[in-house]
Amino acid sequence: MSDTEKVGAARLQSRAKDPDVTVKKAVCPHDCWDTCSMLVHVKDGRAVRVMGDPDNPVTRGYLCVKTNHYEERVYSPDRVLYPMRRTGPKGTGQFERITWDEALAEIAARFRQVTAEHGAEAILPYSYAGTIGVLQYGSMDRRFFHRLGASRLGRTICASAGGEAMVATLGTKQGPDPEDMVHAKLIVVWGVNVTSSNTHQWPIIQEARRRGATLVVIDPYRYKGAREADWHISPRPGTDTAFVLGVMNALFAEDLLDHDYIDKYTTGFEQLAQKAAQWTPERAAAVTGVSADDIRKFARLWHASRPGVLRVGYGLQRHTNGGSIVRAIAMLPALTGHWRDRGGGFLLSQSGSYGFNSAALERPDLMPSPMPREINMIELGKALTEVANPPVKALFVYNSNPANVAPNASRVLAGLSREDLFTVVHEQLFTDTCKWADIVLPATTQLEHLDLMYSYWHLYLQLNEPAIERLGEAVPNTELFRRLAAAMGLTDPCFRDSDEDLVRQALSAGSPYLEGITLERLQAEQIIKVKRAPAPFAEGGFKTPSGKVEFYSETLARTGNDPVVDYVPPAESVDGSPELARKYPIHLITPAAHHFLNTTFANMARMMKNEGAPTVYLNFADAKERGLQSGDWARVFNDRGSVRLQVQVGDWSLAGVAVSPSLWWSRFMPDGVGLNVLTLDTPADYGGGASFHTNLVQVEKAEAPEGQPWVPTPDRYQLIKN
Ligand SMILES: Nc1nc2c(c(=O)[nH]1)N[C@H]1C(S)=C(S)[C@@H](COP(=O)(O)OP(=O)(O)OC[C@H]3O[C@@H](n4cnc5c(=O)[nH]c(N)nc54)[C@H](O)[C@@H]3O)O[C@H]1N2
Ligand SMILES: Nc1nc2c(c(=O)[nH]1)N[C@H]1C(S)=C(S)[C@@H](COP(=O)(O)OP(=O)(O)OC[C@H]3O[C@@H](n4cnc5c(=O)[nH]c(N)nc54)[C@H](O)[C@@H]3O)O[C@H]1N2
Ligand SMILES: [Mo]
């Protein structure tokens, strides 16, 4: 230990009151904006407590209501600790313990057999962001499936519509440093739930307000942050593109534009002007439900407020037209020159501010040529029940819980229940997906493995080192795929890289943002801010083919989208499918729940208790029409499925819009059926993205489930453990 490290260790130690407790640094792994720094209290080799690390200037020494109890997740009774093989029918959760050698041999044999009979494309990896750690999210696993020639997975379930919109418009995923937003005079929180899913944005907003900023929330759901805003604008779901076009119309009409910025740093201005001319605020009002006066008022407020920032979320792009929504919004700061200011502009994702060497990590060069087919992860149900040439015969799930998170869940379950499908699930906890597996393998948690952590919101790169020994026979994803590569006889040296090698490779792209950052420095300092200009586009520097903001995009034209941007109604909506809307008149959105992170944490008794019950928030008018009051239960259904949810009545949304926070585990739902039986698996306009918030449903009064108040009990299922 160097002297500085000794001082650091002593300071850390002083935070523990118990002399037998060692305090270690760690980083929250979850798929969330904040990527918080944590302190882990370890006693006798056991993590007894986790708390926020005050050394991180953005996450400020506190954790969210979920990660504050991370140790309960690590030691959960649902933890998978050993490899297991299915012994009963699929879906019943009967398993026996086997050894790692048996598990690896069986998987290798089945993969060989499938490849011999149907080709390697009959193998489908299925993973998302159970952890966003650079190593455990995607490195050795990608190498393994590339080398096999397995089907590629389109990882679209969360962010790809907005991602493609950012790239088409700005050329990269970057925005202002959130720490600079305290200087903003206007913060527009647009389709991101800042009081549940990005909780460290909230104190930054409050600080800006103390200094005179106005907070506008644009969201069809009147959640806590929307209630506390200076102005809450509530558009109909999926209509934001029309709202923005109306705002642009007003900006053009009143010449509230930064012509110098437009001339120097944008292309396609004329085409955009023509498009905006078609969208008077009156026309936009008819589509969005926001008045023309409010649309004009917003345009003037945005133009006049410097610095002003559009803090945009992923919620609003979970529509069949979600890519165009993000594209339209991302154009605004270039029209008005807000990019010039520190703390101003547009921030959705910051992930382009790191510049990891993904080619070195994932090794796409290992893939056969021509490249294997790609399967869109949101169409998993279709992939398992309809896709042929070859059909999917082996499914390998890790970092994800598709039985619950993927849309159109009935179709997914029909696929997972196929007797001829060989399914492997590598998991920390015995999820609903595990019940459909042939082999379940144990995965380590963040306290047990090494990872390199970035954030898609702030600019701090961090190293997460293991705080405790691995539990049972759990292994990190990287180690799992090293073992599998060996079992399959893959001899490429890259399958022997250690986790430390992988960190070095991730940092090796020569990115200017990572200049001077090495594994050794991270080991000593744990947290290092990347070298990024505070106002990245103050003088242009966009990463599009033209180097400018592209109001007209050739790339989009090639994908069959409007090369400028236009409003297309959501596939299921009053405007988009009037006939369906007569049968199913309620637009259901299913955003993030406060106490869960997708399905993560949703097995914990504490979180379920705090979340209360699977809920649908209804407007007064819709509730009255159906004779429903708060506390009643309702059946919410459409042609895809039906679930029972408890009703809360209030001014949550416009009439005709309902909200159900996601996601309860199916086994804790009243009828054992998850919310995603209702959702649509139609890909969005850009990037094949998910459309979890584009659903029409009907709501009617239903019987309350047994046991009032309704309490989910773990004994609703029997997990056979050894
Ligand atoms: N507590 C908690 N935190 C989380 C998560 C969680 O499940 N729970 N999930 C994590 C993950 S994976 C992600 S991707 C992020 C997701 O976090 P967010 O980006 O916040 O995504 P959502 O919760 O889906 O939706 C955010 C908001 O968008 C609104 N919205 C829906 N449709 C529209 C629309 O058409 N227009 C507008 N303007 N708004 C709309 C919703 O009502 C919601 O309030 O959060 C992460 N953090
Ligand atoms: N209706 C509706 N559905 C949604 C959404 C919505 O808003 N509404 N949100 C969508 C969004 S934004 C997303 S991102 C997806 C998320 O979908 P998923 O990525 O499937 O997210 P989780 O439900 O959190 O499940 C992640 C699983 O990974 C496991 N895991 C964590 N770390 C590791 C690890 O190191 N190794 C392995 N092998 N496993 C690990 C966890 O135990 C957990 O079971 O869900 C989507 N589904
Ligand atoms: Mo997500």
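Residues numbered from 1 in each chain as written. Chains lettered and ligands numbered in written order. Predicted model: local features only at pLDDT ≥ 70, side-chain atom pairs only at ≥ 80, totals over all residues. Heavy atoms only, no water.

Asks: Honestly, the domain arrangement of the protein in this entry has me stumped. Any pointers?
Replies: The figure often quoted for interface size is the accessible area lost as the parts come together. Parsing the protein into structural domains produces domain 1 (84–158 + 359–445 + 472–512), domain 2 (161–348 + 547–558) and domain 3 (578–702). Taking only C-alpha atoms into account, the centre of domain 2 sits 27 Å from that of domain 3. Every contact between the two is made by 26 residues of domain 2 and, on the other side, 25 residues of domain 3. It is Tyr-221, Arg-318 and Thr-320 that lose the most area in domain 2 upon contact with domain 3, and together they represent 32% of the buried surface on that side. (Domains from an automatic or database assignment. Contact = heavy atoms within 4.5 Å. Buried area = accessible area lost by both parts, 1.4 Å probe.)

Asks: Looking at this model, I keep getting lost on the packing of helix α9 (residues 240–253) against helix α12 (residues 281–288). Mind explaining?
Replies: Any two packed helices are characterised by the angle at which their axes cross and by the distance between the axes. Close contact between α9 and α12 brings their axes to 8 Å; oriented N to C, the two are set at 165°. Taken together, α9 and α12 sit at an angle that is classed as roughly antiparallel. In this structure, α9 crosses over α12, and the sense of that crossing is left-handed. Counted together, Ala-242, Phe-243, Gly-246, Asn-249 and Ala-250 of α9 and Pro-281, Ala-284, Val-287 and Thr-288 of α12 form the full contact between these two elements. Its residues placed into classes, the contact of α9 with α12 shows six nonpolar, three polar and no charged. (Axes fitted to C-alpha atoms, helices over the stretch in contact; angles between N-to-C directions. Helix = DSSP H or I, 4+ residues; strand = E, 2+ residues; numbered from the N terminus. Parallel < 35°, antiparallel > 145°, perpendicular 65-115°, else oblique. Left-handed = near helix turned anticlockwise from the far one by under 90°. Nonpolar A, V, L, I, M, F, W, Y, C, P; charged D, E, K, R; others polar.)

Asks: Sorry if this is basic, but what is going on with the packing of aromatic side chains here?
Replies: Between two aromatic rings, the relevant description is the distance of the centres plus the angle of the planes. Scanning all chains against the criterion turns up 33 aromatic pairs. For the pair Trp-33 and Tyr-314, a centre-to-centre distance of 5.2 Å together with 10° between the ring planes defines the contact as stacked. Separated by 281 residues along the polypeptide, Trp-33 in the loop between β1 (21–27) and β2 (37–43) and Tyr-314 in the loop between β12 (308–312) and α14 (322–336) bring together distant segments of the chain. Tyr-314 gets classed as buried once you look at its relative accessible area, which sits at 8%. Aromatic ring contacts, followed pair by pair, group Phe-111, Phe-144, Phe-145, Phe-396, Tyr-398 and Phe-481 into a single cluster. The ring of Tyr-75 has Arg-46 lying over it, and the distance from NZ or CZ to the ring centre is 3.9 Å. Its end group placed over the ring of Trp-231, Lys-297 keeps NZ or CZ at 4.0 Å from the ring centre. (Phe/Tyr/Trp six-rings, centres within 6.5 Å; stacked < 30°, edge-to-face > 60°. Buried < 20%, exposed > 50% of the residue type's maximum accessible area, 1.4 Å probe, protein only. Lys NZ or Arg CZ within 6 Å of the ring centre and 35° of its normal.)

Asks: Could you clarify how one ought to interpret the site of ligand 1 in this entry?
Replies: Surrounding ligand 1, one finds 34 residues, the nearest of these being Asp-219, Gly-238, Asp-240, Arg-318 and Phe-596. Coverage of ligand 1 by the protein chains reaches 99% of its 900 Å² of free accessible surface. Each of two domains, domain 2 (161–348 + 547–558) and domain 3 (578–702), supplies a minimum of three residues to the shell around ligand 1. (Near = heavy atom within 4 Å. Areas by Shrake-Rupley, 256 points an atom, 1.4 Å probe, with all protein chains shown as cover.)

Asks: Looking at this structure, how should I read the pairing of β12?
Replies: Every other side chain in a regular strand lies on the same face of the sheet, so the side chains alternate between the two faces. Counting buried positions along β12 gives five out of five residues, so the element sits mostly inside the fold. Of the two faces of β12, the one carrying Gly-308, Leu-310 and Val-312 and the one carrying Val-309 and Arg-311 are both buried. Relative to β12, strand β8 (residues 186–190) is paired through five bridges, and the arrangement is parallel. Each bridged residue has a counterpart across the sheet, and for Leu-186 the counterpart in β12 is Gly-308. Bridge analysis of β12 against strand β13 (residues 345–347) gives three bridges, and the strand direction is parallel. (Pairing = 2+ DSSP bridges.)

Asks: Hey, could you run me through the pattern of salt bridges in this one?
Replies: Oppositely charged side chains can form a pair if their charged atoms are brought close together. The full count for this structure, using the stated rule, is 50 salt bridges. A salt bridge links Asp-55 to Lys-25, with the shortest nitrogen-to-oxygen separation between them at 2.8 Å. Taken together, the residues Asp-55 in the loop between β3 (46–52) and α2 (70–74) and Lys-25 in strand β1 connect sequence positions 30 residues apart. Given the relative accessible area of 17%, Lys-25 is considered buried. For Arg-363, the salt bridge goes to Asp-365, with nearest N and O atoms at 2.8 Å. Note on Arg-363: relative accessible area 23%, which makes it partly exposed. Residue classification places Asp-365 among the exposed residues on the basis of a relative accessible area of 53%. If you follow the salt bridges from partner to partner, you end up with Arg-86, Lys-90, Glu-419 and Asp-438 in one network. (Salt bridge = Lys/Arg side-chain N within 4 Å of Asp/Glu carboxyl O.)

Asks: What is the right way to look at the sheet that holds strand β20 (residues 527–529) in this model?
Replies: As a general point, the strands of a sheet are linked pairwise by backbone hydrogen bonds and lie either parallel or antiparallel. Spatial ordering of the open sheet is given by β18-β19-β20, a layout of three strands whose pairing is antiparallel. Each edge of the open sheet carries a strand with a single partner, namely β18 (451–453) and β20. Direction aside, the axes of adjacent strands within the sheet are offset by 20° on average. Pairing geometry for strand β19 (residues 460–464) and β20, over three bridges, is antiparallel. Along β20, the bridge assignment pairs Gln-462 with Ile-527.

Asks: What exactly am I supposed to notice about the site of ligand 2 here?
Replies: The environment of ligand 2 is formed by 32 residues, the closest being Glu-427, Asn-477, Thr-599, Thr-600 and Asn-676. The separation between a nitrogen atom of ligand 2 and a polar main-chain atom of His-426 is 2.9 Å. In the environment of ligand 2, a nitrogen atom lies 2.8 Å from a nitrogen or oxygen atom belonging to the side chain of Asn-676. About the coverage of ligand 2: the protein hides 97% of its 920 Å² of free accessible area. Residues of the shell around ligand 2, tallied by class, amount to ten nonpolar, 18 polar and four charged. Counting contributing residues, the shell around ligand 2 receives three or more from each of domain 1 (84–158 + 359–445 + 472–512) and domain 3 (578–702). (Polar contact = N/O pair within 3.5 Å; in protein donor to acceptor, adjacent residues only side chain to side chain.)

Asks: Please explain empty space enclosed by the protein as it appears in this structure.
Replies: One way to see where empty space is left: roll a probe the size of a water molecule over the atoms. Overall, the coordinates contain four cavities of 30 Å³ or more when judged by the stated rule. The computed volume of the second largest cavity comes to approximately 120 Å³. Lining the second largest cavity are 16 residues, with Cys-32, Asp-34, Cys-36, Cys-64 and Thr-67 sitting closest to its centre. Class assignment for the residues of the lining of the second largest cavity results in six nonpolar, eight polar and two charged. (1 Å grid on protein atoms, 1.4 Å probe; cavity = no way out; pocket = protein on both sides within 12 Å on 5 of 7 lines; lining within 4 Å. Points joined across faces, edges and corners; volume = space filled by probe spheres on them.)

Asks: Sorry if this is basic, but what is going on with the pairing of strand β27 (residues 695–702) here?
Replies: In terms of strand pairing, strand β22 (residues 586–589) meets β27 through three bridges, oriented antiparallel. Across the sheet, residue Leu-588 finds its bridge partner in β27, namely Asn-695. Summarising the sheet, strand β24 (residues 633–637) and β27 pair through five bridges and their orientation is antiparallel. Paired with Ala-634 across the bridge in β27 is Lys-701.

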